[in-house]
Amino acid sequence: MDRALPVRWWDGGGFADAPFDAAMHVVGVRGQPDRATARRTIRSALLAALAQASGLSPSSIRLCGAPGEAPWALLDDGRRVALSISHDGDLSVAALRLDGGAVGIDVMQVTDVPDWQAVARDYLGPAAAATLAGAPAFARAWSEREARLKCRGLALAEWGACDEPLLAACTCRSLVLPDGYAGSVAVLPAPWS
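Residues numbered from 1 in each chain as written. Predicted model: local features only at pLDDT ≥ 70, side-chain atom pairs only at ≥ 80, totals over all residues. Heavy atoms only, no water.

**Looking at the environment of Asp163**
Heads up, the rule is: Put simply, DSSP marks the helices as runs of H or I at least four residues long and the strands as runs of E at least two long, and each gets a number from the N terminus on.
If you trace the backbone, Asp163 turns up in the loop between α4 (135–152) and α5 (164–168). Put simply, Asp163 and Leu149 are 14 residues apart on the chain and 9.6 Å apart in space, counted from C-alpha to C-alpha.

Here you go:
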C-alpha cells in the first residue's frame, strides 16, 4: 500500500479541513451511540461531501442502493458516483469517487481474535497468513482484503487462488484512523483512464 490517506471527519455541521479537491474522498464519523445512528450519520456526511465536491446542492443528489448491495449516488447532472461504506466499533467511514471508477472501503477495530491465524489462512490465503504477526497486522490485511472485495463488488468468501488476479488489480491505500483501528480504501482505474 502507498502512503496513508486522511479521513475528513464530519461533525454534523461540516468538515473542519480544506475543501475537496480530488476525484476521490474519504469521510468519517465517530462516537455514534448505535449502528442505526451511525448509518444515518455517515449517509449525511456522504451527502454533504458529495455536495461540496460536486458543487451541487444536496437536493440534487440521490443516494441509492438496496441493503446488501454497493451504495451509489445519482447526481442531477447525470453522473453516477461510486460509494463504499464501512462500520466497526464507534467509527464509520465512507469513500466516494467522482471520476467514474470503482471504490471499496473497510475499517476494522484492532481486537484480539483468538483464532486469527486460522481465519487469515482461510480468508487471506496461506502466503498472507504466513507474513502476519499479531492482531494489528491481521486487522490491516483483513481491511485491505475487504476493501478490494467491495471495490470489485464481491461478497466475502474464503481465499481462492483464482480470485487473486482480480483483487490484485485494485490499488490499496491505508487510512489515517484513530489508534485501535485499521482501514483501507481500494480503487480500480476510472473506465476512461
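**Some remarks on the environment of Arg145**
We apply this condition: Residue exposure (1.4 Å probe, protein chains only): buried if accessible area is under 20% of the type maximum, exposed if over 50%, otherwise partly exposed. Contact criterion: two residues are considered in contact whenever any of their non-hydrogen atoms come within 4.5 Å of each other. Within 3.5 Å is the distance limit for a polar contact, defined as a pair of N or O atoms, with the added protein rule that one can donate a hydrogen and the other accept it, and that residues adjacent in sequence qualify only through two side-chain atoms.
Of note, Arg145 is situated in helix α4. Looking at Arg145, the relative accessible area reads 8%, which means it is buried. C-alpha of Arg145 to C-alpha of Ala186: the two residues are 41 residues apart in sequence and 9.0 Å apart in space. If sequence neighbours within four positions are ignored, Arg145 has contacts with Tyr123, Leu124, Ala157, Glu158, Trp159, Gly160, Glu164 and Leu167. A distance of 2.6 Å separates a polar side-chain atom of Arg145 from the backbone oxygen of Tyr123.

**Here we look at the packing of helix α2 (residues 116–124) against α4**
Cut-off, in case you're wondering: Only the contacting stretch of a helix is used when fitting its axis, a line to C-alpha atoms as for every element, and angles between N-to-C directions run 0 to 180 degrees. Note that the term roughly parallel is reserved for angles under 35 degrees, roughly antiparallel for angles over 145, roughly perpendicular for angles of 65 to 115, and oblique for everything else. Crossings are classed by handedness, with left-handed meaning an anticlockwise turn of the near helix from the far one by less than a right angle and right-handed meaning a clockwise turn.
Relative to each other, α2 and α4 sit at 25°, their axes nearing to 11 Å. In terms of orientation, α2 and α4 fall into the roughly parallel class. Taken as a pair, α2 and α4 cross one another with a handedness that is left-handed. Of the residues in α4, those in contact with Trp116, Val119, Ala120, Tyr123 and Leu124 of α2 are Phe138, Ala141, Trp142 and Arg145.

**Notes on the sheet that holds strand β5 (residues 72–75)**
The condition is simple: A strand pair is defined by DSSP finding two or more bridges across the two strands.
Strand order in the open sheet formed by six strands is β2-β3-β7-β6-β5-β4, with mixed pairing between adjacent strands. The two strands at the open ends of the sheet, each matched to only one other strand, are β2 (8–9) and β4 (61–64). The pairing of β2 with strand β3 (residues 24–30) spans two bridges and is classified as parallel. Across the sheet, residue Arg8 finds its bridge partner in β3, namely Val27.

**Re the pairing of strand β9 (residues 171–176)**
Here four bridges tie β9 to strand β10 (residues 181–187), and the two strands are oriented antiparallel to one another. Across the sheet, Ser174 pairs through a bridge with Ser184, a residue of β10. Where β9 folds back onto β10 in an antiparallel hairpin, the turn is made up of four residues, including Gly180, whose phi is positive at roughly 95°.

**Section: the packing of aromatic side chains**
Aromatic rings in a pair are described by how distant their centres are and how their planes are angled relative to each other. For clarity, the cut-off: For Phe, Tyr and Trp, rings pair up if their centres lie within 6.5 Å, where Trp contributes its six-membered ring, and each pair is then called stacked (planes under 30 degrees apart), edge-to-face (over 60) or tilted (otherwise). For a Lys NZ or an Arg CZ to count as sitting over a ring, it must be within 6 Å of the ring centre and within 35 degrees of the ring normal.
Scanning the model with the defined rule gives four aromatic pairs in all. Look at Trp116 and Phe138: their rings are 6.1 Å apart centre to centre, the planes differ by 45°, and that puts the pair in the tilted class. In this pair, Trp116 sits in helix α2 while Phe138 sits in helix α4, placing the two residues 22 residues apart along the sequence. An identical accessibility class is assigned to Trp116 and Phe138; each is buried. In this structure, Arg80 is placed above the aromatic ring of Trp72, and the distance from its NZ or CZ to the ring centre is 3.7 Å.

**Here's the deal with the environment of Val29**
Position of Val29 relative to the elements: it lies in strand β3. For the pair Val29 and Pro136, spaced 107 residues apart in sequence, the C-alpha to C-alpha distance is 22 Å.

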